[in-house]
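In case you want the letters, here they are:
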Amino acid sequence: MSGGRIPRAFIDDLLVRIDIVELIDSHVPLKKTGANYVARCPFHSEKTPSFSVNSNKQFFHCFGCGASGNAISFLMEFNHLDFVEAVEDLAAFAGIDVPREAAVAAADKADLQSLYDLMEQAADFYVQQLRTSAAGKQAVAYLKKRDLSGEVAATFRLGYAPADWQALTGRFDQQALLAVGLLGGNDNGGVYARFRHRVMFPIRDKRGRVIGFGGRVLDDSLPKYLNSPETPLFHKGREVYGLYELLKTNPKPQRIVLVEGYLDVIALAQLGISYAVAALGTAVSQAHLELLFRYTPELVFCFDGDNAGREAIWKAMDAAFSVLQDGRQIRIMLLPQGHDPDSWVRSQGVGAFSADLQASSVLSDYFFDHLAAEFNLGEMEGRAQYVNKAKPYLLKLPYSIFKDMMQARLQEISKSAVDVSDKTARLNYRLARTPQKKDSAPPLERRTLAMLVQIPSLIGVLEEQGVDWDALDFKGADKFKAILQVLLAEKPATTGVLLEHYRGHPDEGIITQLAAIKLEAGVEQEFSGAWEKLLEQGIDARFNRLLAKADSGSEQEKEEFRKLSMHRSRK
Ligand SMILES: [Zn+2]
């Protein structure tokens, strides 16, 4: 979805609504230690965990490489997303829509809802056609021939699109039908029904809304399968078929099997294997894999063993390598020639099929074996070609123990010291994160401000007693005051929300450092005392400065000096 700025308030609200611990835990399994959750850092290689996530602050920080930020920053870095994509993903994680600021976007949204409604009604119409129309009987006969039960057909809401060109236009708005791709337009301004005389497979998003359709012919005519085109509702590269139905029976599957067709998904579900999904007639994309890894730690690509299947798997390698961090696993299962998952399970039985899944090759084995078959590793030239082919893939792996192991294996096979650690990227990454210069403010100021940044509810204390801005007098006080003003104006719910306010701001680094400073538990009890001491220090500093120019100062300064003297004598 595009167009329109995302409202600031929405982003703040989103950051409050989600829990960063839950979010990160779904990508990098976390362990609780004390007030924090820790893991080995996903952004640099390490043996002992220095990556820590704090639920109160809604903030992560790595004491090893300095990576830190809020939930949005995490998604941006971990999944290589831009800001808007990360917000969209986070919203999806929270199960809500991203609103857009522009008036156009508001109109779009109203339109979108009507398009969803239309898809729903169209799905109902196709179901009804399957059940009641004379031609629908042919579709039922086809499904029976495929041994599909009425029950599974109902679960997946299978339908039938009649051959009649006007079946839809008589019932629904023509413009809307064009918008959702159920009608196509031709060059001379005419329209045609995209799906005719086909079994219809509604494609649903994670929330169960119908966003597109797949249609299959009842005989051998071509094209055998037809999908909805890209529409405002439907993005092939981001959706998989069957995920909604899968999550309904099993919200946290141990593994998800990725198959090639709709009918595979449905047939497997009928046989009791209700953890299969299919890509929608496109190559497997990184977005597909990221989506699936939200729900499971293991994916199995179960493809036909013919050349097309092998090619499809190799095409998916790019995407697969980009998403493989520690804790995620991809396996490859090629079916014997002439079999699809349906026929294979029917001939082998469910037990044998799941045993096959568990015994299937891990991606690393498949990858190295596939390449080994291509080159002569007995010769140096062959090994060099092998390295050249393999290296770009390994470079895509996120920093992880797994990456180190893949590199070691490549070195062993190629008998060379090939390095895929991409040191420049890593170095730049560290430089960008290492504090540029030490904050010049002495510890008390820094500590007090860190308390406010980490426990923003303390702002209430200041609001109650009012801030004596003049008394804030120390080196770096201007920066201190500027940040304090933002805190008072924004009243961020968490550190994560405050960080969002500073995204791209020159002071972003300072705020991040303050957020990462280690404070003891219960430190908020000290806040009032620390604040008072800070003011006293400021007043002392000012007094001393005025004292130094007691004779040369202006009338105003002399007056202030008198007041300060009285203030001090009362102590
Ligand atoms: Zn790190």
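The rules behind the values
Residues numbered from 1 in each chain as written. Predicted model: local features only at pLDDT ≥ 70, side-chain atom pairs only at ≥ 80, totals over all residues. Heavy atoms only, no water. Salt bridge = Lys/Arg side-chain N within 4 Å of Asp/Glu carboxyl O. Helix = DSSP H or I, 4+ residues; strand = E, 2+ residues; numbered from the N terminus. Buried < 20%, exposed > 50% of the residue type's maximum accessible area, 1.4 Å probe, protein only. Pairing = 2+ DSSP bridges. Axes fitted to C-alpha atoms, helices over the stretch in contact; angles between N-to-C directions. Domains from an automatic or database assignment. Donors = N, O, S within 2.8 Å, 3.2 Å for Na, K, Ca; no water. Tetrahedral: all angles 85-135°; square planar, octahedral: opposite > 155°, others 65-115°.

**A word on the pattern of salt bridges**
Under the criterion given, the structure shown has 19 salt bridges. Two residues, Glu-526 and Arg-447, come together in a salt bridge whose shortest N-O distance is 2.8 Å. With Glu-526 in the loop between helix 23 (508-516) and helix 24 (527-548) and Arg-447 in helix 19 (residues 443-454), this pair connects stretches of sequence that are 79 residues apart. By relative accessible area, Glu-526 is classed as partly exposed at 37%. For Glu-500, the salt bridge is made with Arg-503, and the minimal N-O distance between the two is 2.8 Å. Under the relative-accessibility criterion, Glu-500 is labelled buried at 2%. Overlapping salt bridges bring together Asp-97, Asp-205 and Arg-209 as one network.

**Thoughts on the sheet that holds strand 10 (residues 210-217)**
Pairing in this open sheet of four strands is antiparallel, and the strands run 6-9-10-11 from one edge to the other. The two strands at the open ends of the sheet, each matched to only one other strand, are strand 6 (159-161) and strand 11 (225-227). Within this sheet the neighbouring strands show an average axis-to-axis angle of 35 degrees, counted without direction. By the bridge criterion, three bridges tie strand 10 to strand 11 in an arrangement that is antiparallel.

**Structural notes on the domain arrangement of the chain**
Domain assignment breaks the chain into domain 1 (8-94), domain 2 (103-234), domain 3 (240-368), domain 4 (374-428) and domain 5 (443-570). Domain 4 and domain 5 are separated by 52 Å when their C-alpha centres are compared.

**Regarding the coordination of the zinc ion**
Around the zinc ion, the protein contributes the donor atoms Cys-41 (SG), His-44 (ND1), Cys-62 (SG) and Cys-65 (SG), at 2.0 to 2.3 Å from the metal centre. Coordination at the zinc ion is tetrahedral, judged from the four donor atoms that bind it and the angles of 102 to 118 degrees they form at the metal. Here the donor residues for the zinc ion map to a single chain with the spacing C-x2-H-x17-C-x2-C. In this pair, Cys-41 is assigned in the loop between strand 2 (36-39) and strand 3 (51-54) and Cys-65 in the loop between strand 4 (59-62) and strand 5 (68-69), connecting sequence segments 24 residues apart. Given a relative accessible area of 5%, Cys-65 falls into the buried group.

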